[in-house]
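# Structural overview
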Amino acid sequence: CGEQLCSSCKEGNEQIHPNSQMDSMVLSFKCSCPLIARGCDWLGTLGGCQEHLDTCGYVLEACKLRCGVVLQRDELKVHEKEKCTQRIVKCNHCSREMKFCELLKHLSKCPKMEVSCELKCGKRLCRENIPQHLKQECGMVVETCKLGCGVKMTRDE
């Protein structure tokens, strides 16, 4: 179909001419998607196959967030939005944005995350307020009797 010759064969071979009718006929042949084995049921013409492949959901592509995952194009959007470890998420406590893979480490020290008092007084407050709580209000802090007897007791005692 057409001129499928190397430059040296074309040279001196004046009998070979492009055949647009043959090209048109071949490009109108019916074909299915080359990715039919993966489940694509597209049917069209040989001429339309490349255009179909440009948007076919069964083509394999690497995650654009560079996590290393390769998936079918139609699965990639869900992966990048909901499952990728490199997707950007926002901390529910402080609203800071970070990669999903960094979130767990961040939560272990997020100043706005509500935590229980480490002395188990039962109070829950933002991590950043724990020092103030321990210094001024936690009833479980052990102190020495203010009358000078040396007895140690919790603030609540």
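These remarks concern the structure in this document.

Scoring rules and cut-offs
Residues numbered from 1 in each chain as written. Predicted model: local features only at pLDDT ≥ 70, side-chain atom pairs only at ≥ 80, totals over all residues. Heavy atoms only, no water. Patch = residues over 30% accessible without salt bridge, like charges linked within 9 Å, V, L, I, M, F, W, Y side chains within 5 Å. Areas by Shrake-Rupley, 256 points an atom, 1.4 Å probe, with all protein chains shown as cover. Salt bridge = Lys/Arg side-chain N within 4 Å of Asp/Glu carboxyl O. Helix = DSSP H or I, 4+ residues; strand = E, 2+ residues; numbered from the N terminus. Buried < 20%, exposed > 50% of the residue type's maximum accessible area, 1.4 Å probe, protein only.

To continue, consider a nonpolar patch on the surface. On the surface, Met22, Met25, Leu27, Phe29 and Leu46 cluster together into a nonpolar patch covering about 450 Å² of accessible area. Along the chain, Leu27 turns up in helix H2 (residues 20-27). Exposure remark for Leu27: the relative accessible area of 45% places this residue in the partly exposed category.

All right, on to the pattern of salt bridges then. Side chains carrying opposite charge are able to pair once their charged atoms draw close together. As enumerated under the stated definition, the model contains 7 salt bridges in all. Lys64 is the partner of Glu61 in a salt bridge, and the nearest nitrogen-oxygen pair spans 3.8 Å. Given a relative accessible area of 22%, Glu61 falls into the partly exposed group. A salt bridge links Arg155 to Glu143; its shortest N-O distance comes to 3.0 Å. Note that Arg155 is positioned in the segment after strand E10 (152-154) and Glu143 in strand E9 (residues 142-144), a separation of 12 residues in sequence. Take Arg155: its relative accessible area is 25%, and that puts it in the partly exposed class. Residues joined by salt bridges that share partners form a network here, namely Glu61, Lys64 and Arg73.

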